[in-house]
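Read off the chains here:
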Amino acid sequence: MAVGTAVDWREGLDAGDLSSEALTRASFDRIRALDVQLHAVLATDEARSLELARRADARLRAGERTPVLGLPIVLKDNLHWSGVQVSCGSRVLDGYRAPYDATVVARLLAAGAVPVAKANLDEFAMGSSGEYSAFEPARNPWDTSRVPGGSSSGSVVAVAAGYAPLALGSDTGGSVRLPASFCNVTALRPTYGVLSRYGLTAMASSLDQVGPIAPSAGDLALALGVMVGKDPLDSTSVDLPGAERLAALRPRSLKGLRIGLPREYFGEGLEAEARGVLDTALRVFADQGAEIREIGLPHTRYAIDTYYLICTSEVSSNLSRFDGVRFGPRAAGGSLREMISDSRDQGLGAEVKRRILLGTFCLSKGYYDAFYLKALKARTLITRDFLQAFEQVDLLAAPVSPGTAFPFGTKTDDPLAMYLADAFTVTAPLAGLPCLAMPAGFASGLPVGIQLIGSALSDVMLLETAQAFQTLTRHHLAEPPLPAPLPA
Ligand code: GLN
């Protein structure tokens, strides 16, 4: 990583060798130098960020220490940071500013992290490539003719290009893990409930989770540690066991660790070169004494259908609030009904409209039982597969995506092809399980990620396992071929 990992910067700040102000200025220098090509950033408030950095420096000088004190962080632009725009990558929210802080943002700010940018995303986090943003889409720093992956496209690009050593995304069905694997960074989707959803603009509420993104697992742990803890503002939030181990993450011993390989994830659909990279990565675990065995998750074949029925149903309900009355631009003239309809028609993009229509159909009288209710039943079967697997193994290893980052425009005309990019990422969220994506190697010069899936609330163990892998490999330290102008 061009500007270092959060763990490196943490040490530099604590030792007094670095200042938060200098790091924050370096972030803005990189954004200015690189974002004309990469389009990861939708908004900044430089004066405010620098003021927060100076306050962090004062706290550091006074001897205070927290895992994120003084560290720059990028926020996906569907998270509320009071006073700053929250566009959700949509035109329907033009001019809207967050009136409050999301709980995760408030906790990061209290611990002295320094938000430096709001990051690009697929509109309302619906998408797998970043191309469904209403703005110029973010580009993959490893090959700017290719997508960075979505929906947390800008957050991941910001970390990959060294704008900041930490970012937050959101993951409903893969949105931190897929772009992480396309851009060679590490990202965690925590167990459902581990991070508060208060102030994360809802997409599909039973699936949405905030997820940290960083160069390494140790970095993710720094951010996660200050954000966890039950939140009275999100009744689905829970405490994370072992959270005290996050401030100084230690690699887990891999000896005797039972790793399951779901055979449904390694069949057709997985590109051969990516498969080769995964096999090499799995050997790293095996060489340290991990026991790797094949297991079955037989209901995986229903995952995409199940996910897209539940997701679109929840989307159709959640997005009814964008009606031109309360937020964003209001269409002129006509009756109230026309005003609402025109405001939505003008403000929302094609993919968002497609999902609202699909979801409204799934929930409508006469179809509810056939689609929505059936999807809920399939969700139970998928969850049961995982519960049975975790009776035999400690965690699962799987690909993140069928292949590497694809060129722009290859899937935008075919929504089904885009949905299939999520084949390996939508299952764990349906079961509420924690899952992590990290760099596993390269295929034809493009990053390939490996995914670890754990049982509920095993997030810390998952990070410790990832860290063990990252102490034995150097893929996560590889830098994209970009100009890296660093200030003196
Ligand atoms: N790509 C998936 C979708 O389009 C996941 C999105 C997400 O996780 N926010 O629904």
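Residues numbered from 1 in each chain as written. Predicted model: local features only at pLDDT ≥ 70, side-chain atom pairs only at ≥ 80, totals over all residues. Heavy atoms only, no water.

## Topic: the sheet that holds strand S7 (residues 258–262)
Overall, mixed pairing links the 11 strands, which are arranged S1-S3-S2-S4-S6-S5-S10-S11-S9-S7-S8 in an open sheet. What marks the edges here is a single partner per strand, and that holds for strand S1 (41–43) and strand S8 (291–295). Between one strand axis and the next, the sheet turns through 35° on average, direction left out of account. Taken together, the 2 bridges between strand S2 (residues 72–76) and strand S4 (residues 167–171) define a ladder with parallel strand orientation. (Pairing = 2+ DSSP bridges. Helix = DSSP H or I, 4+ residues; strand = E, 2+ residues; numbered from the N terminus. Axes fitted to C-alpha atoms, helices over the stretch in contact; angles between N-to-C directions.)

## Thoughts on the site of the ligand
In the neighbourhood of the ligand, 15 residues make up the surrounding shell, with Thr172, Gly173, Ser175, Tyr307 and Arg355 lying closest. Within the contact set of the ligand, an oxygen atom lies 2.7 Å away from a side-chain nitrogen or oxygen of Ser175. Summarising the interface, the protein chains cover 100% of the accessible area of the ligand, which totals 290 Å² for the free molecule. Taken atom by atom, the bulk of the ligand overlaps the largest cavity. (Near = heavy atom within 4 Å. Polar contact = N/O pair within 3.5 Å; in protein donor to acceptor, adjacent residues only side chain to side chain. Areas by Shrake-Rupley, 256 points an atom, 1.4 Å probe, with all protein chains shown as cover. 1 Å grid on protein atoms, 1.4 Å probe; cavity = no way out; pocket = protein on both sides within 12 Å on 5 of 7 lines; lining within 4 Å. Sits in = over half its atoms within 2 Å of the grid points.)

## Focus on empty space enclosed by the protein
One pass over the structure, following the stated rule, counts 3 cavities of 30 Å³ or more. Approximately 80 Å³ is the volume found for the largest cavity. Lining the largest cavity we find 13 residues, and of these Gly127, Gly173, Ser175, Tyr307 and Asp422 sit closest to its centre. Class assignment of the residues belonging to the lining of the largest cavity gives a composition of 5 nonpolar, 6 polar and 2 charged. Put simply, the second largest cavity is a space of about 50 Å³. If you trace the second largest cavity, you find it lined by Ser181, Ala274, Leu278, Pro399, Val400, Ser401, Gly403, Thr404, Pro447, Val448 and Gly449. Elements with a minimum of two residues in the lining of the second largest cavity: helix H8 (272–287) and strand S11 (446–454). The dominant element in the lining of the second largest cavity, judged by the number of residues it contributes, is S11, at 3 residues. A breakdown of the residues in the lining of the second largest cavity according to their chemical character gives 6 nonpolar, 5 polar and no charged. (Points joined across faces, edges and corners; volume = space filled by probe spheres on them. Nonpolar A, V, L, I, M, F, W, Y, C, P; charged D, E, K, R; others polar.)

## Details of the pairing of strand S6 (residues 209–214)
Walk down a regular strand and you will see the side chains alternate between the two sheet faces. Judged by how many residues are buried, S6 sits mostly within the fold: 6 of 6 residues are covered. Alternating residues of S6 divide into Gln209, Gly211 and Ile213 and Val210, Pro212 and Ala214, and every residue in both groups is buried. The pairing of S4 with S6 spans 5 bridges and is classified as antiparallel. Each residue of the ladder has a partner; that of Leu168, found in S6, is Pro212. As defined by bridge partners, strand S5 (residues 186–189) adjoins S6 across 2 bridges and the pair is classed as antiparallel. Bridge pairing in S6 links Thr186 to Ala214. (Buried < 20%, exposed > 50% of the residue type's maximum accessible area, 1.4 Å probe, protein only.)

## Quick look at the nonpolar core
Judged by nonpolar contacts, the single largest core of 155 residues is most densely connected at Phe124, Phe386 and Leu463. The element best represented in this core is helix H7 (residues 217–227), accounting for 8 residues. In this structure Leu463 touches Leu188, Ala217, Leu220, Ala221, Leu224, Leu246, Leu249 and Leu436, once residues within four positions along its chain are discounted. (Core = buried A, V, L, I, M, F, W, Y, C linked by side-chain atoms within 4.5 Å. Contact = heavy atoms within 4.5 Å.)

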